[in-house]
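# A closer look at the structure
This is what each chain is made of:
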Amino acid sequence: MIFTVAIDGPAAAGKGTISRAVAARFGLAHLDTGLLYRAVGARVTAGEDPAAAARDLRPEDLARGDLRTLEAGAAASRVAALPEVRAALVDFQRRFARAGGGAVLDGRDIGTVICPEAEVKLYVTASPEIRAHRRWLETGGDPAAVLAEVRARDARDMGRADAPLRPAAEAVMIDTTDLGIDEAVARACAEIAAKLPTA
Ligand code: DC
């Protein structure tokens, strides 16, 4: 079975949680594509050339323990604006998306650029304030600084020239501002169940 679920949206909207839940529910492979950019960002922060780091990304880069911090997210967002970095990561993501058995990919450009042929496209979003609050619960620190970081990341991810964050034309919107995680997952599952090939 070739079957791709593309889940895009801004930082801390709930994409990761929804993606992991639906992948487990339907037995699909899952790729958190943000992790690829975070790993490249970490190597660039350590002094490497962005395109070279992206071309040479290894499994151990993705296993580092420091990729979930706000700083790693900001570094990821910066390298993600570089067309040569994005180009180096396209083939791996496309192969993962169309490998047999079905796959869920979450990111910013999955439904628009990486896999426009995805059978299911979801766009998961929420207000900047609620996303910043969720991030702050994980990271602590100054709430105003976390909100500023969320807004800066939105502006960078949505404003870049190459593969900007935007919903695919046919994407189904899931706004988690006032939605519990169980209901958000249930909506995503309903969309997938309706498209999943039977037998
Ligand atoms: O989903 P995340 O917060 O881990 O992503 C980190 C950054 O990586 C995000 O701000 C922009 C970039 N990114 C991207 O440009 N394209 C993707 N498909 C995934 C992430």
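Structure's up top.
One structure accompanies this document, and this report is about it. (Residues numbered from 1 in each chain as written. Predicted model: local features only at pLDDT ≥ 70, side-chain atom pairs only at ≥ 80, totals over all residues. Heavy atoms only, no water.)

Volume-wise, the largest pocket comes out at about 750 Å³. Going through the elements one at a time, α1 (15–26), β2 (29–32), α2 (34–45), α5 (70–79), β3 (103–107), α8 (128–139), α9 (143–159) and α10 (181–195) are the ones with two or more residues in the lining of the largest pocket. If you tally residues by element for the lining of the largest pocket, the top one is α1, at 5 residues. Among the residues making up the lining of the largest pocket, the classes are represented as 11 nonpolar, 11 polar and 15 charged. By volume, the second largest pocket is sized at about 160 Å³. (1 Å grid on protein atoms, 1.4 Å probe; cavity = no way out; pocket = protein on both sides within 12 Å on 5 of 7 lines; lining within 4 Å. Points joined across faces, edges and corners; volume = space filled by probe spheres on them. Helix = DSSP H or I, 4+ residues; strand = E, 2+ residues; numbered from the N terminus. Nonpolar A, V, L, I, M, F, W, Y, C, P; charged D, E, K, R; others polar.)

All right, on to the nonpolar core then. Counting 20 residues, the largest nonpolar core has V5, I7, I18, V22, V104, I174 and I192 as the members making the most contacts within it. Of all elements in the fold, only β1 (4–8), α1, β4 (120–125) and α10 reach the threshold of two or more residues within this core. (Core = buried A, V, L, I, M, F, W, Y, C linked by side-chain atoms within 4.5 Å. Buried < 20%, exposed > 50% of the residue type's maximum accessible area, 1.4 Å probe, protein only.)

The next subject is the environment of P59. Topologically, P59 is positioned in helix α4 (residues 59–62). Owing to a relative accessible area of 65%, P59 belongs among the exposed residues under this scheme. Separated by 90 residues in sequence, P59 and E149 have C-alpha atoms that sit 28 Å apart.

For the rest of this paragraph, the subject is the side chain of T176. Locating T176 in the fold gives a position in the loop between β5 (172–175) and α10. With sequence-adjacent residues up to four places away left out, T176 is seen in contact with A13, I18, V124, T125, A126, R134 and A184. (Contact = heavy atoms within 4.5 Å.)

The next thing to look at is the sheet that holds β1. Overall, parallel pairing links the 5 strands, which are arranged β2-β3-β1-β4-β5 in an open sheet. Two strands in the sheet have a free side with no partner beyond their single neighbour: β2 and β5. Averaged over all neighbouring strand pairs, the angle between strand axes comes to 20 degrees, with direction disregarded. With 5 bridges joining them, β1 and β3 adopt parallel strand pairing. Residue pairing across strands places A6 opposite L105, the latter belonging to β3. Across the sheet, α10 is in contact with β1, β4 and β5; its angle to β4 comes to roughly 165 degrees. (Pairing = 2+ DSSP bridges. Axes fitted to C-alpha atoms, helices over the stretch in contact; angles between N-to-C directions.)

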